[in-house]
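# Geometric and topological summary
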Amino acid sequence: MDPVTQSPAVWVSHLRKRYRKRTAVDGVSFTVGRGEVVGLLGPNGAGKTSVIKMMLGLVRPDAGEVMLLGQPNTDPRSRQRVGYLPELFRYQPWLTADEVLALHVRLTGLKVSDRERRENLALVGLADRSRDRVGGFSKGMQQRLGLAVALVARPELVVLDEPTSALDPLGRADVRDLLLSLRQRGVAVLLNSHLIGEVERVCDRVVILDRGRVAAAGTLPELLGRRTLRLRLTEVTSSVLDRLQPTETDGDRYTVAMPDDVPALVADLVKLGVHVHAVEPARVSLEERLLDILRTHPGEQQ
Ligand SMILES: Nc1ncnc2c1ncn2[C@@H]1O[C@H](COP(=O)(O)OP(=O)(O)OP(=O)(O)O)[C@@H](O)[C@H]1O
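If you're wondering where the values come from, they're calculated on a predicted model, not measured in any experiment. (Residues numbered from 1 in each chain as written. Predicted model: local features only at pLDDT ≥ 70, side-chain atom pairs only at ≥ 80, totals over all residues. Heavy atoms only, no water.)

## Side note on the pattern of salt bridges
- In total, this model carries 16 salt bridges according to the counting rule given.
- Across the pair Asp292 and Arg289 runs a salt bridge whose closest N-O atoms are separated by 3.1 Å. Highlighted residues: Asp292 and Arg289, both in helix 11 (residues 286-296), separated by three residues, approximately one helical turn.
- For Asp292, a relative accessible area of 39% corresponds to the partly exposed category.
- By relative accessible area, Arg289 is classed as partly exposed at 23%. (Salt bridge = Lys/Arg side-chain N within 4 Å of Asp/Glu carboxyl O. Helix = DSSP H or I, 4+ residues; strand = E, 2+ residues; numbered from the N terminus. Buried < 20%, exposed > 50% of the residue type's maximum accessible area, 1.4 Å probe, protein only.)

Here's what the structure looks like:
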């Protein structure tokens, strides 16, 4: 097997960066597997953009190593198959949208047909603006163009730094669909976003940074724990409690570990004479978990 195609899309090891006296990134390590969508989360100033810029060779790290698609990021060829949407995007206002794409294609040195460029603009909802100058674009339209730039050269890894910061709700939903289609095509994605709901919906795994360190990392089930079932019940007897085994009780509200067969549990409860008023699945949200991690272990957890 080819070791390059078998290696992770991103391998970051012990990255460190200081700006004067301020430590921005303090020993960050993580990987993004091929075809995996990984969310980079953390409060303002946690070091997310610094990590991304060091990964892409835009900022020189004080220490640490990065491999992109199996090649050291110090080799310019490692970035040929990497698409990048920066947090602060600005494109040449005198060029048309299509000319911006053509320029970026030229910079990659790869061949991308006119048709593919048009398809890319259509993908981000700019099909009818391809011949318009970027100077007349709204901020959201420029961000859409930035996404097209990131995707135009058939990347194997896409790094998106706050890709929806300027987008309306419809645009955000479009980006979600786009991320899911990238995953289906086996493209790896590293997504930095403050929109936690978005991250929760599309990411396979999450890396949480706090004060330049990895505060927690894992798949969503690993970070969020097992799903539970919340029930509101009356006429509960001790034999009912034996069947139910609640992990938490509050008045007529009971929480249990998610059973394999919810209808069977409800049928049993009814048979035992219980009045079942409500049944709803529950799990701690990523937002709650994130706040919990940042409050409990500021910059300490691994
Ligand atoms: N060019 C720079 N010069 C000096 N300090 C910098 C520079 N870039 C980043 N920093 C500092 O490094 C720290 C991390 O910044 P970074 O932009 O990486 O955070 P972030 O997690 O992306 O934040 P945000 O969510 O606000 O975008 C901050 O304290 C910031 O002030």
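So that's the structure; there's more coming.
## Section: the layout of surface pockets
- Its volume calculated, the largest pocket comes out at about 610 Å³.
- Along the wall of the largest pocket there are 25 residues; nearest its centre are Arg79, Val82, Tyr84, His104 and Thr108.
- At the level of elements, strand 6 (82-85), helix 3 (97-108) and helix 5 (139-151) are the ones that each hand at least two residues to the lining of the largest pocket.
- Class assignment of the residues belonging to the lining of the largest pocket gives a composition of 15 nonpolar, five polar and five charged.
- Every residue lining the second largest pocket is counted, 14 residues in all, and those nearest its centre are Met54, Gly57, Pro61, Asn73 and Thr74.
- With four residues, the single largest contributor to the lining of the second largest pocket is strand 4 (residues 63-68). (1 Å grid on protein atoms, 1.4 Å probe; cavity = no way out; pocket = protein on both sides within 12 Å on 5 of 7 lines; lining within 4 Å. Points joined across faces, edges and corners; volume = space filled by probe spheres on them. Nonpolar A, V, L, I, M, F, W, Y, C, P; charged D, E, K, R; others polar.)

## Some remarks on empty space enclosed by the protein
- What the rule picks out here adds up to one cavity of 30 Å³ or more.
- Within this model, the largest cavity holds a volume of roughly 40 Å³.
- If you trace the largest cavity, you find it lined by Leu123, Val124, Arg144, Leu147, Leu167, Gly171, Asp174, Val175 and Leu178.
- Residue assignment for the lining of the largest cavity shows that the elements contributing at least two residues are helix 5 and helix 6 (169-184).

## A short note on the packing of helix 5 against helix 6
- Orientation of helix 5 relative to helix 6, taken along the N-to-C sense of each, is 10°, at an axis distance of 12 Å. Of the possible angle classes, the one that applies to helix 5 and helix 6 is roughly parallel. Contacts from Arg144, Leu147 and Leu151 in helix 5 reach Gly171, Asp174, Val175, Leu178 and Leu182 in helix 6.
- The residue makeup of the contact of helix 5 with helix 6, split by class, is five nonpolar, one polar and two charged. (Axes fitted to C-alpha atoms, helices over the stretch in contact; angles between N-to-C directions. Parallel < 35°, antiparallel > 145°, perpendicular 65-115°, else oblique. Contact = heavy atoms within 4.5 Å.)

## Comments concerning the UniProt feature "domain: ABC transporter" (unreviewed entry) in the protein
- Under the feature "domain: ABC transporter" (unreviewed entry), the UniProt entry names residues 10-236.
- End C-alpha to end C-alpha, residues 10-236 measures 53 Å, and it is 31% helix and 30% strand. (UniProt positions renumbered as here; feature names shortened; annotations may be inferred.)

## Considering the domain arrangement of the protein
- Here the protein is partitioned into domain 1 (3-223) and domain 2 (226-282).
- Each of domain 1 and domain 2 has a C-alpha centre, and the two are 44 Å apart. (Domains from an automatic or database assignment.)

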